[in-house]
Amino acid sequence: MAKNNEKAFVQDITPMEEDFSRWYTDVVKRTELMDYSDVRGCMVIRPYGYGIWELIQKELDTRFRETGHENAYFPLFIPESLLKKEAEHVEGFAPEVAWVTRGGNEELQEPLVVRPTSETIICSMYARWIQSYRDLPVLINQWCNVVRWEKSTRPFLRTSEFLWQEGHTAHATYDQAQEETMQMLRVYRDFAYNAMAIPVLTGQKTEKEKFAGARDTYTMEAIMHDGQALQMGTSHNLGQNFAKVFDIMFLDKDGQRKYVWQTSWGASTRLIGGLIMVHGDNRGLKLPPRLAPIQVIVVPVAAHKEGVLDAANEMVGVLKRAGIRVKMDTRDQTPGWKFNEWEMRGVPIRLEIGPRDIQSQQVVLVRRDTHEKKSVTMDGLAHQVQALLADIHDNMLNTATEHRNAHIFEAQNKAEVLEAVDGKKGFAYTAWCGERSCEEKFKTECGISSRCMPFDVQQLAQGKVCALCGKPATQMIYWARAY
RNA sequence: CGAGGUGUAGCGCAGCUUGGUAGCGCGUUUGGUUCGGGACCAAAAGGCCGCUGGUUCAAAUCCAGUCACCUCGACCA
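Just so you know, these numbers come straight off a predicted model, no measurement behind them.

### A few points about the environment of Arg128
Thinking step 1. Structurally, Arg128 is set in helix H6 (residues 119-129).
Thinking step 2. Once the C-alpha coordinates of Arg128 and Leu389 are considered, the two residues, 261 residues apart in sequence, prove to be 48 Å apart.

### Focus on the pairing of strand E14 (residues 261-268)
Thinking step 1. Of all eight residues that make up E14, eight are buried, and the element is covered over most of its length.
Thinking step 2. Across the two faces of E14 the burial is the same, with Trp261, Thr263, Trp265 and Ala267 and Gln262, Ser264, Gly266 and Ser268 all buried.
Thinking step 3. The sheet contact formed by strand E8 (residues 161-171) and E14 spans eight bridges and is antiparallel. Bridge pairing in E14 places Gly167 opposite Trp265.
Thinking step 4. Of the pairings in the sheet, the one linking strand E11 (residues 229-239) to E14 comprises five bridges and is antiparallel in character. The residue bridging His236 from the neighbouring strand is Ser264, located in E14.

### Some words on the protein's contact with RNA strand B
Thinking step 1. Neighbouring residues of RNA strand B: 50 residues in total, closest Asp12, Arg158, Arg270, His304 and Asp357.
Thinking step 2. When the atoms of RNA strand B within 4 Å of the protein are sorted by group, sugar and phosphate make up 43%.
Thinking step 3. Taking Glu150, its side chain carries an N or O atom lying 2.9 Å from a sugar or linking oxygen of RNA strand B.
Thinking step 4. One of the backbone nitrogen or oxygen atoms of Ala302 is found 3.1 Å away from a sugar or linking oxygen of RNA strand B.
Thinking step 5. Mapped by element, the contributors of at least two residues to the surface near RNA strand B are helix H1 (2-6), helix H2 (20-30), helix H11 (335-344), strand E17 (349-353) and helix H12 (355-360).
Thinking step 6. With six residues, the top contributor of residues to the surface near RNA strand B is H11.
Thinking step 7. Looking at side-chain class alone, the surface near RNA strand B contains 15 nonpolar, 15 polar and 20 charged residues.

Cut-offs and rules
- Residues numbered from 1 in each chain as written.
- Chains lettered and ligands numbered in written order.
- Predicted model: local features only at pLDDT ≥ 70, side-chain atom pairs only at ≥ 80, totals over all residues.
- Heavy atoms only, no water.
- Helix = DSSP H or I, 4+ residues; strand = E, 2+ residues; numbered from the N terminus.
- Buried < 20%, exposed > 50% of the residue type's maximum accessible area, 1.4 Å probe, protein only.
- Pairing = 2+ DSSP bridges.
- Near = heavy atom within 4 Å.
- Polar contact = N/O pair within 3.5 Å; in protein donor to acceptor, adjacent residues only side chain to side chain.
- Nonpolar A, V, L, I, M, F, W, Y, C, P; charged D, E, K, R; others polar.

Right, dumping it as structure tokens:
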């Protein structure tokens, strides 16, 4: 055993301090979350990764339904003419759309784009469906794939094709649309905290960073372990931009024909990348219990010995009946090998059961987040496990919150912003003049972008000056390097 | 798309400069001994050396093209 400790394991994960992006790719690959196909930048989501996605879908869908939304499905292909209707929207997406120009052996009369997002095709349908104020609001979500032909790709964070959900709603008034936009941002925020255990920052995007075609964009942003920002979900108030070009009108109570007010909101498989980069450590993945495809892994020790497998099976049954996602590892490997394997894969709880435990009517319970190990009795095991899963969630959220708080730095001038972002590897929080040219200049010169303008603190900017250009400030804002 | 780098067994890599039988470690398969933090012994299987073309008696190796991936920029969920 001693000689093995000295042995360098060829396939160990690169330490995250050494090279964060190498660490990230190692984790994705070794935990079998996804793989690249032969098509440029298109990912194959493997069963373990897809299991996480299914849980994300479940958590989000529950929240969407609670807030009155329904699921539907719209076409993959969008006629060129539809995409081109809204000027800003086309301009934003044109560089990255994939085209279909042939069907069978025939050249298509009108080329089709593979949807990069579905506003246009959905609006074309809403124009037919909406006639009266009685038809409003329309509250529809769709789960689908979209394609954006990006120049460079990264696992989960930026792939040519990705899975997401996009909600599209139409309302009678601006206020209702705005309330919907904010409600969905709250839904995402709730999901981030309570399912992903990720403390996000929410706020409004600047003119420069907002969605192509939106009136206002709101976002939730998270700080990754290396201090870079990841946009994890967005909610847009589209105003009447799309309604006007797609002619979505309704006859209101007052007898007037009016354009509808719209919103759209989305979150993608990128969330999985966020999970990895916020919670992961040098042993690999660390999954928040609510999104763990396997919440408890049972490792029988000396499984060939009398009674071990029976006891393990019984325990699996008890946990399953309690609604816990549990799996037993019966592979022919040494226990230590399995411990490492499941820690790498991020399973929140490990239960070890062997001859000694059977004698003492106990099992060994180990948590992934703290590596704390204790013996517990078989009685009331399911309850203990459930309580522990809840505790692990809380602890992961706390740890991530501490990390977030320790990586946000108030900055008064450009040097301090750069020090916060590049020196201390975090977000800079500053007063800002609100001018697009100032923001663009900074982005071009330093590669640092605005993340969001937080709510309820904007009055703090009064009397301050912009940290970047020194003009009078109008906003408080976060800056960071972004994925 | 600009600059650089890499494609050799499932994974990680050596071999290439100076052409001449396809190598190593881990993993895999089979049998046995093991099993409480990455086990051991024995035997075995596994390669269009990314792809296409060229030079040559002979190409993993030299040349050209092409595709994919990685890093850094620009762009984006």
